[in-house]
Amino acid sequence: MNTPPTLFSEEEIASQVTVLATEIDEAYADADLLVLIGVLKGSFIFLADLARKLTIPHRVEFIAVSSYGTRESETADSVRLLMDVRHPVVGEHVLLVEDIVDTGHTLAYLKRLLGARNPASLKTCTLLHKPDRTEEEVELDFLGFTIPDVWVVGYGLDYAERYRTLPYIGELPPEMR
Ligand code: 5GP
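Figured I'd write up the structure that's included with this text. Treat the numbers as computed from the prediction; the structure is a model and nothing was measured.

This paragraph deals with the sheet that holds strand 8 (residues 152–153). The sheet built from three strands is open, its strands ordered 1-9-8 with antiparallel pairing. On the outer flanks of this sheet lie strand 1 (6–8) and strand 8, each paired with one strand and no other.

As structure tokens, then:
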């Protein structure tokens, strides 16, 4: 299998995850407990690394939403809940952990969904952001990297379920799709 060219190396990702964990530790220093909600499937590796770098007390949850089959085949605002969190989040400090924000529809949908459950606070942490693709503005409280409009894979991100476990983040050129 050909491997996609590197956009961010393992070392660059690890150091940025450490920066994010430090920012999150500081932001929630006074909170009793932080509930991390990873958005499946793409965020599972990022969440695993981020959570293990946190020093504040935290709990891990997952939520799953529909994602694109291929970029062209589904409209971006057709977000569907596939699996909900297992515990209510009322009165809790919630941090949504997302792999990548593209149009913004997924994160906007999840903020509306969870915000309606009256958490004590609700913020977002996303590893990657494509500002050129924004259709719905969502506040990104903790952000790893800003990237151009390219298709990225690895470190949890896939293309039709391939490349998800590449240790680095690569840019998938059109001829490899
Ligand atoms: P949004 O709702 O912001 O348009 O899309 C968010 C979701 O689209 C992400 O969670 C991810 O599943 C998918 N996505 C958007 N851009 C990329 C990309 O470059 N690579 C991969 N693997 N998934 C992407």
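Moving on: the sheet that holds strand 6 (residues 121–129). If you walk across this open sheet you meet the six strands as 4-3-2-5-6-7, and the pairing is mixed. This sheet does not close on itself; its edge strands, each paired only once, are strand 4 (81–83) and strand 7 (142–146). Here the average twist between neighbouring strands, direction ignored, is 30°. Across five bridges, strand 2 (residues 34–40) lies against strand 5 (residues 93–101) in parallel orientation. Bridging across to strand 5, Val35 finds its partner in Val94. Along the sheet, helix 1 (residues 10–27) contacts strand 2, strand 5, strand 6 and strand 7; its crossing angle with strand 7, the most-contacted strand, is approximately 160°.

Examined against the element boundaries, Glu98 turns out to sit in strand 5. Of the side chains with opposite charge, Arg164 lies nearest to the buried Glu98, which makes no salt bridge, at 9.5 Å. Those residues within four positions of Glu98 in sequence are excluded, and the remaining contacts are Val39, Ser43, Phe46, Thr106, Leu107, Cys125, Thr126 and Leu127.

Take the pattern of salt bridges next. Think of it this way: side chains of opposite charge can pair up when their charged atoms draw near. Here the structure, examined in full by the defined rule, presents ten salt bridges. Measuring nitrogen to oxygen at the nearest pair gives 3.2 Å for the salt bridge that ties Glu161 to Lys41. Of this pair, Glu161 sits in the loop between strand 8 and strand 9 (169–171) while Lys41 sits in the loop between strand 2 and helix 2 (44–53), and the two are 120 residues apart along the sequence. Exposure remark for Glu161: the relative accessible area of 48% places this residue in the partly exposed category. With a shortest N-O distance of 2.8 Å, Arg133 and Asp102 are connected by a salt bridge.

Here is what the cut-offs are and how they apply
- Residues numbered from 1 in each chain as written.
- Predicted model: local features only at pLDDT ≥ 70, side-chain atom pairs only at ≥ 80, totals over all residues.
- Heavy atoms only, no water.
- Pairing = 2+ DSSP bridges.
- Helix = DSSP H or I, 4+ residues; strand = E, 2+ residues; numbered from the N terminus.
- Axes fitted to C-alpha atoms, helices over the stretch in contact; angles between N-to-C directions.
- Contact = heavy atoms within 4.5 Å.
- Buried < 20%, exposed > 50% of the residue type's maximum accessible area, 1.4 Å probe, protein only.
- Lys, Arg positive; Asp, Glu negative; His and termini not counted.
- Salt bridge = Lys/Arg side-chain N within 4 Å of Asp/Glu carboxyl O.

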